[in-house]
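Here's the letter readout for the chains.
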Amino acid sequence: MKTHYSLFISLSALLVACSPKPYQEAKKIQEEKVQQVAQKMDVNLAPVLVDSLGNTIPSSYIPTVNFGSRKPDFVIIHHTAQDSLALTIKTFTLERTQVSAHYVIGRDGQVVQMLNDELRAWHAGLSKWGNNVDMNSCSIGIELDNNGLEPFSDPQINSLMILLAKLKTTYNIPTANFIGHSDVAPKRKQDPSILFPWKKLADNGFGLWYKTPDMPPSADFDIENALRRIGYDTSDLPAAIIAFKRHFVQIDLNPTMGDWDKCVLYNLYKKY
Ligand SMILES: [Zn+2]
């Protein structure tokens, strides 16, 4: 009996050793990098501060005992523009790509978390929303497996909304702070596409939406100012208009504001 048991243990060990361990290398690298982040936080030196005359300002480091990790304040939604969940996961587990997200959601609704919410993923890139100029530092990134041309599947959107509800509660994320990649990087990004169901999300408390506009704005309504109030970077106004229309109008992507577009913008502007 004992021999059988030993044999079973040996065979099990052999099977484990031979079974494919996908992403084992990525797991090891992530663990090492988490250690590096923690070590960096552990090196506590007094700040070096010098005035305009070159005099050093007296400074020291005395540790406080009351702290926690920082919490995310925004959720940024993307589409992967790739053809499968596996391909996106592969992209995010290779160091040379230098891109990542906290979560990836498949067309079938499968949710894959790839990084702790309180660490900084590399999903937004050069980005701006309101006065926030580094969206990676304050947001959770969610990638939806979608090639950019197809509708988003019901299982995928259902899983997304369950995840968003969890994140909203856990981190107390304001309703207006569920936005898209193209909102925060209008000059560079087109995701999520015009097919993304922003209204459905807003109906469930994730992002703002307009009420049926009752009155058009006056002739002197300042479109640029209104877009800026919502959060858009208007340094390239046509790009900001397209991003706004991709999110809130979802009819066309012309860089011009028609009467309906202005009504929607005016309605939203009053909410912000
Ligand atoms: Zn994106």
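- The name an unreviewed UniProt entry gives the protein is N-acetylmuramoyl-L-alanine amidase, with Pedobacter segetis as the organism.
- If you open the UniProt record of the protein and go to Catalytic activity (unreviewed entry), you find "Hydrolyzes the link between N-acetylmuramoyl residues and L-amino acid residues in certain cell-wall glycopeptides."

## Some words on the overall build of the protein
Here's step 1: Of the regular secondary structure elements, the protein holds 10 helices and five strands.
Here's step 2: At 24 Å, the protein has a C-alpha radius of gyration far larger than the 19 Å of a compact globule built from 272 residues.
Here's step 3: When the backbone C-alpha atoms are referred to their principal axes, the protein occupies close to 90 × 60 × 35 Å.
Here's step 4: Counting over 272 residues, the protein shows a buried share of 40%.
Here's step 5: Looking at the protein as shown, the accessible area adds up to about 16300 Å², and 57% of this sits on carbon and sulfur atoms.
Here's step 6: For the protein, the centre of its 28 positive side-chain charges and the centre of its 28 negative side-chain charges are spaced 4 Å apart.

## Some thoughts on the pairing of strand 1 (residues 74-79)
Here's step 1: Taking burial as the measure, the six residues of strand 1 include six buried ones, the bulk of the element.
Here's step 2: A two-sided burial pattern is seen for strand 1, the buried positions comprising Phe74, Ile76 and His78 on one face and Val75, Ile77 and His79 on the other.

## Re the sheet that holds strand 1
Here's step 1: The strand order across the open sheet formed by five strands is 3-2-4-1-5, and the pairing between neighbours is mixed. Because the sheet does not close on itself, it has two edges, and the strands there are strand 3 (111-113) and strand 5 (178-180). Mean inter-strand twist for the sheet, computed between neighbouring axes without regard to direction, equals 25°.
Here's step 2: The sheet contact formed by strand 2 (residues 103-105) and strand 3 spans three bridges and is antiparallel.

## Let's talk about the coordination of the zinc ion
Here's step 1: Every protein donor of the zinc ion is accounted for by His78 (ND1), His181 (ND1) and Asp191 (OD), and the metal-donor separations fall at 2.0 to 2.2 Å.
Here's step 2: Expressed as a motif, the donor residue spacing for the zinc ion is H-x102-H-x9-D. Highlighted residues: histidine 78 in strand 1 and histidine 181 in helix 6 (residues 181-184), separated in sequence by 103 residues.
Here's step 3: In this structure histidine 181 comes out as buried when scored by relative accessible area, which is 4%.

## Some remarks on the side chain of asparagine 177
Here's step 1: Here asparagine 177 is to be found in the loop between helix 5 (154-171) and strand 5.
Here's step 2: There is a polar contact of 3.1 Å between the side chain of asparagine 177 and the backbone oxygen of aspartate 73.
Here's step 3: Setting aside anything within four residues of it in sequence, one finds asparagine 177 in contact with Asp73, Phe74 and Val75.

## Describing the environment of glycine 207
Here's step 1: Inspection of the secondary structure assignment puts glycine 207 in the loop between helix 7 (198-203) and helix 8 (223-230).
Here's step 2: Each C-alpha atom, one on glycine 207 and one on alanine 176, is 4.5 Å from the other, the two residues being 31 residues apart in sequence.
Here's step 3: Contacts of glycine 207, omitting those with residues within four sequence positions, involve Thr175, Phe178 and Ala202.

## A word on the UniProt feature "domain: N-acetylmuramoyl-L-alanine amidase" (unreviewed entry) in the protein
Here's step 1: Under the feature "domain: N-acetylmuramoyl-L-alanine amidase" (unreviewed entry), the UniProt entry names residues 60-193.
Here's step 2: Annotated as residues 60-193, this span is 25% helix and 16% strand, and its ends, taken at the C-alpha atoms, are 50 Å apart.

## Some details on the pattern of salt bridges
Here's step 1: Within this structure, the stated rule accounts for 10 salt bridges.
Here's step 2: Residue arginine 120 is joined to aspartate 134 by a salt bridge in which the shortest nitrogen-to-oxygen separation is 3.0 Å. Taken as a pair, arginine 120 in the loop between strand 3 and helix 4 (135-138) and aspartate 134 in the loop between strand 3 and helix 4 lie far apart in primary sequence, 14 residues in all.
Here's step 3: Arginine 120 sits in the partly exposed class, given a relative accessible area of 41%.
Here's step 4: Salt bridges linked by common partners bring Arg107, Asp145 and Glu150 together as one network.

## Side note on the layout of surface pockets
Here's step 1: Estimated volume of the largest pocket: approximately 1700 Å³.
Here's step 2: Lining the largest pocket are 47 residues, and of these Val34, Val37, Leu115, Leu119 and Arg120 sit closest to its centre.
Here's step 3: Sorting elements by how many residues they give to the lining of the largest pocket places helix 2 (residues 24-42) first, with 11 residues.
Here's step 4: Across the lining of the largest pocket, the residue classes break down as 23 nonpolar, 14 polar and 10 charged.
Here's step 5: Of the pockets and cavities examined, the second largest pocket occupies roughly 360 Å³.
Here's step 6: The wall of the second largest pocket is formed by 22 residues, among which His78, His123, Glu143, His181 and Lys189 lie closest to the centre.
Here's step 7: Among the residues forming the lining of the second largest pocket, the class breakdown is five nonpolar, 13 polar and four charged.

## A few points about the domain arrangement of the protein
Here's step 1: Domains assigned within the protein are domain 1 (70-208) and domain 2 (210-272).
Here's step 2: Put simply, the middle of domain 1 and the middle of domain 2, counted by C-alpha atoms, are 23 Å apart.
Here's step 3: Taken together, the contacts link 18 residues of domain 1 with 19 residues of domain 2.
Here's step 4: Of the roughly 1600 Å² buried at the junction of domain 1 and domain 2 (both faces included), carbon and sulfur atoms supply 60%.
Here's step 5: Where domain 1 packs against domain 2, one counts zero salt bridges.
Here's step 6: Linking domain 1 with domain 2 are seven residue pairs in polar contact (both at pLDDT 80 or more).
Here's step 7: Taken together, the elements giving at least two residues each to the side of domain 1 that touches domain 2 come down to strand 5 and helix 6.
Here's step 8: Looking at side-chain class alone, the side of domain 1 that touches domain 2 contains 10 nonpolar, four polar and four charged residues.

Parameters at a glance
- Per-chain numbering applies: the sequence of each chain, read as written, is numbered from 1 onward.
- For a predicted model such as this one, the threshold for reporting local features is a pLDDT of at least 70, and the threshold for listing and counting side-chain atom pairs is 80 or more; totals across whole chains, interfaces and linings nevertheless cover every residue.
- Only heavy atoms go into the side-chain values, all of them from the structure, while hydrogens and water stay out.
- UniProt positions are given in the numbering used here, feature names are shortened, and annotations may be inferred rather than shown by experiment.
- Numbering of helices and strands runs from the N terminus, with a helix taken as a DSSP run of H or I at least four residues long and a strand as a DSSP run of E at least two residues long.
- Just to be clear, the radius of gyration here is over C-alpha atoms, and the globule rule we use is 2.2 Å times residues to the power 0.38.
- To sort residues, take the accessible area from a 1.4 Å probe on protein chains only and compare it with the maximum for the residue type: under 20% means buried, over 50% means exposed, and anything in between is partly exposed.
- Each accessible area value is a Shrake-Rupley result obtained with a 1.4 Å probe; residue values ignore everything except the protein chains displayed when judging cover.
- Neither His nor the chain ends contribute to the count of charged residues, in which Lys and Arg are positive and Asp and Glu negative.
- One atom stands in for each charge, and that atom is NZ of Lys, CZ of Arg, CG of Asp or CD of Glu.
- When DSSP finds two or more bridges between a pair of strands, those strands are recorded as paired.
- Here an angle of 0 to 180 degrees is reported between the N-to-C directions of two axes, which are lines fitted to C-alpha atoms, with helices fitted over the stretch in contact.
- Atoms are scored as donors when they are N, O or S and lie within 2.8 Å of the metal, with 3.2 Å used for Na, K and Ca; no water is included, so coordination may look incomplete.
- Pairs of N or O atoms are called polar contacts if they sit within 3.5 Å, as long as, within protein, a hydrogen donor faces a hydrogen acceptor (for residues adjacent in sequence, only side-chain-to-side-chain pairs).
- By definition, residues are in contact when any of their heavy atoms lie within 4.5 Å.
- The term salt bridge refers to a side-chain nitrogen of Lys or Arg lying within 4 Å of a carboxyl oxygen of Asp or Glu.
- Using a grid of 1 Å spacing that covers the protein atoms alone, one calls a set of points a cavity when a 1.4 Å probe fits there but cannot get out, and a pocket when the set is open and has protein on both sides within 12 Å along at least five of seven lines; lining residues are those with an atom within 4 Å of a point.
- Grid points are joined across faces, edges and corners, and a volume is the space filled by probe spheres set on the points.
- Note that Gly is not counted as nonpolar here; it falls among the polar residues with everything else outside the nonpolar set of Ala, Val, Leu, Ile, Met, Phe, Trp, Tyr, Cys and Pro and the charged set of Asp, Glu, Lys and Arg.
- The split into domains, and so the bounds of each, comes from an automatic or database assignment of domains.
- Accessible surface is computed with a 1.4 Å probe, and the buried area is the amount of it that two parts give up when combined, taken over both parts together.

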